Amino acid sequence: MLVELQGIHKTYRDSHGQLVPALQGVDLFVAAGQFVAISGSSGCGKSTLLNVIGCLDRPDRGVCRLDGEEVAGWAERRRAAFRNHRIGFVFQNFFLLPFLTARQNVELPYLYCDRTQCGADAVVRMLDSLGLAEVENRYPGELSGGQQQRVAIARALLLGADLLLADEPSGNLDATTAQSILDLFSNLAQQGKTIILVTHESAVAKRASRQVEMAAGQIVHDSAVQPQGATP
Amino acid sequence: MRLAKNLRAALQVLAAQPGRALLLALPVAVSTALALATLALDQGLMAKAEAAARSFGTDVISIRPGTRVVAGKSGSINTLTDGDVQMLRSRLRGARAIEGTRIEDSVPVSFGGKNGVYRVWGVRPPWADIRRFGAERGDFLNEADVDTSARVCIIGQTVSRELFATQEPLGAEILINQVPFRVKGVLVVKGASPAEGDRDARIVIPISTFYDRLYRRVHLDQIVVQAKDASQDTLARLDEQIHAILREQHHIAAGQKDDFTVRLPKKIAEESRGLSRSIFFLLLGLAGIAAVVAALVIGLVTQQAVRSRQGEIGIRRAVGALPSDILQQIAAEGVTVSVVGGGVGLIIGVAVAWGLARWQELAFAFNAWVIAGPLAFILVSALAGFLPARTAACLDPAVALRSR
């Protein structure tokens, strides 16, 4: 999926009522099939940017286009349907529902799509492809961190999302498991998925094909953009 | 389709937290059961009271002597006389018949080696028409019996069964307080009433015989007044007149209490209920309070749950849930516990009402009114979950996800 952001601004009001600028004129172009890592210190606006791209948040100003379509005018129903079919979210804390089994967590997007039948085959294939077939009936509390993150990725990909937004996906994992999850992202990118990953770890960011660095709500470095005066 | 999926999601949440579901459903079940049992019991008691009033006579007013508390015990005072009956007959407007009676409780009666203790009534023949208490077999008293103080009696069905069993009582001679009486007839069946006890355990004799042969008592124990019609207006007017006439007759000064008690059919029905209206309203009030508690518990617990479930709400929104999906799911949780709790409450309420009806020998009344009250309580509880559901639906998904 093609992601285009132009002059995105977003300001929050904190718990004391103070206005906090989270994004201050962000421009970003991500081509389909790219694996982009956005890094920066805490509070630099990485997650806000991810929420804007994922149609979870609306910018105050600026243009956000997904696959060439301006999303600002979309009604909530269309935004929800777009999240359901085209965008997959992966979070640091996995966000699995603890009272559902691994399989039921993977099936969650089916609840909110208009397909009448839950595609059991697709679920089985997804669980198999991520090595979760044997734990499908276990609850999140009975799974390791890596397994939980795989379940979250399976949930994100179930309906064929072509944009994967990952917010610190390896933040709660040990080094080996984190590597395997990042390998999985690399494979998905090779399969044509657009992946935007937020991290504050430079080692993780280096696994992406493109590194973007943010500070104070702005992009301060983008590996895809040649610095002025530099020779190609 | 979407609604069915959201209901499924709600059921998944409830199944995962059975303790919470039970906490929410329990007050609904209690309020529903209490309301249903109370209403059903009231309906049964009302039917019983109406039957008692009909049996006594819906157009009959009863006047009894007043009561006085002496040494901590309540007893009647002898204030009613034949003179009162004469005065009422001459001055009361709107009455069809007026009769005085003498009554003695616990009179020993025997026949052929069998003994019993019954209530003996001294009456005149018109009493049978007023109280609709004539002879089923044989004859009732006539004026000649009264004029001659005849030793004849009409016995109730209980007396007949206990003293005569399968023998023919008509024409037999029984001893009432050692005085021989000829059985002239057997009274119609009346059954028991809370106000009068077993009304078939009575013996009716001429009022003159009662005085001459059994108990030399001047005062009357009851005066019955039959109205020209059973309308509330007529009965109220008679009530007013009776008070005025008897207070004047008994020289009761203004501000002093009556030395007699007037009971209208409505009062007789109320006494026959066995459960006063105030207790009924108290029980219904308790059921109402339980319903309010149930609604508050559902509302507050769900509101609290919405706060602690922001992460869940956020992830549901992230994978495509609309605000309306969240609203439906959270509201369905409240509706489900209300319906399940209410359903259990209805079953318990029906069982309790049925048990009470059997125990108290009441009609098991189960009509639209009985079911409407508890259903209203269930509806209130179900609606209580909508407000927190709306709060959940309005949550900003980005904020909800950050909260975790």
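The rules behind each value
Residues numbered from 1 in each chain as written. Chains lettered and ligands numbered in written order. Predicted model: local features only at pLDDT ≥ 70, side-chain atom pairs only at ≥ 80, totals over all residues. Helix = DSSP H or I, 4+ residues; strand = E, 2+ residues; numbered from the N terminus. Contact = placed C-beta atoms within 7 Å. Nonpolar A, V, L, I, M, F, W, Y, C, P; charged D, E, K, R; others polar. Expected span 1.5 Å × (residues − 1). Core = buried A, V, L, I, M, F, W, Y, C linked by C-beta atoms within 7 Å. Buried ≥ 20, exposed ≤ 12 C-beta atoms within 10 Å, placed from the backbone. Domains from an automatic or database assignment. pLDDT = per-residue confidence, 0-100. Pairing = 2+ DSSP bridges. Axes fitted to C-alpha atoms, helices over the stretch in contact; angles between N-to-C directions.

Along its length, chain A carries eight helices and ten strands. The long-range share in chain A, meaning contacts at least 24 apart out of those at least 6 apart in sequence, stands at 72%.

Each side of the interface is counted separately: chain A has 22 residues, and chain B has 19 residues. Broken down by secondary-structure element, the contributors of at least two residues to the side of chain A that touches chain B are α2 (76-86) and α4 (108-111) of chain A. Of the residues forming the side of chain A that touches chain B, the biggest block, six residues, is contributed by α2 of chain A. Of the residues assigned to the side of chain A that touches chain B, the class counts are 13 nonpolar, four polar and five charged.

Our next topic: helix α8 (residues 232-249) of chain B. Given a rise of 1.5 Å per residue, 18 residues ought to cover 26 Å, and the 25 Å separating the end C-alpha atoms of α8 of chain B matches this to within 8%. H251 of chain B occupies a position one or two residues after α8 of chain B and carries a positive phi of about 55°.

Now for the nonpolar core. Ranked by internal contacts, the top residues of the largest apolar core, which has 178 residues, are V36 and I195 of chain A together with C153, I203 and V225 of chain B. Of the residues forming this core, the biggest block, 18 residues, is contributed by helix α2 (residues 18-56) of chain B. Split by domain, the residues of this core number at least three in each of domain 1 (2-50 + 275-402) and domain 2 (95-227) of chain B. Once residues within four sequence positions are removed from consideration, I203 of chain B is found in contact with V109, Y118, V120, C153, I155, G156, V159 and I176 of chain B.

Looking now at the confidence of the model for chain A. Confidence in the prediction for chain A averages 87 pLDDT; 94% of positions are at 70 or higher. By mean pLDDT, helix α5 (residues 120-129) of chain A is the weakest element of chain A at 83, and strand β3 (residues 35-39) of chain A is the strongest at 93.

Further remarks concern the sheet that holds strand β1 (residues 3-13) of chain A. Paired through backbone hydrogen bonds, the strands of a sheet run either parallel or antiparallel to each other. The strand order β2-β1-β4-β5 (chain A) describes an open sheet built from four strands, whose pairing is antiparallel. A strand with exactly one partner marks an edge of an open sheet, and here the two such strands are β2 (19-30) and β5 (69-70) of chain A.

Next up on the list: the pairing of strand β10 (residues 218-222) of chain A. All names here are of chain A. Both strand β9 (residues 210-215) and β10 contribute to a ladder of four bridges, which runs antiparallel. Bridge pairing in β10 places A215 opposite Q218. Count of turn residues in the β9/β10 antiparallel hairpin: two residues, of which A216 carries a positive phi of about 50°.

This part covers the sheet that holds β9 of chain A. All names here are of chain A. Strand order in the open sheet formed by six strands is β6-β7-β8-β3-β9-β10, and the pairing between neighbours is mixed. On the outer flanks of this sheet lie β6 (87-91) and β10, each paired with one strand and no other. On average, each strand axis in the sheet is tilted by 20° relative to the strand beside it, whichever way the strands run. Strands in contact with helix α6 (residues 145-157) are β6 and β7 (163-167); relative to β6, the strand with the most contacts, it is inclined by about 165°.

Our focus in this paragraph is helix α6 (residues 157-164) of chain B. Residues spaced three or four apart along an α-helix face the same direction, because each turn holds 3.6 residues. By the burial criterion, the buried members of α6 of chain B are T158, V159, S160 and L163 of chain B. With its phi angle positive at about 50°, A165 of chain B sits one or two positions after the end of α6 of chain B.

Glancing now at unusual backbone geometry. Residue and element names in this part refer to chain A. In this model, F94 sits at a positive phi of 70°, which is unusual for a non-glycine residue. Topologically, F94 is positioned in the loop between β6 and α3 (102-106). Note on F94: 22 C-beta atoms within 10 Å, which makes it buried.

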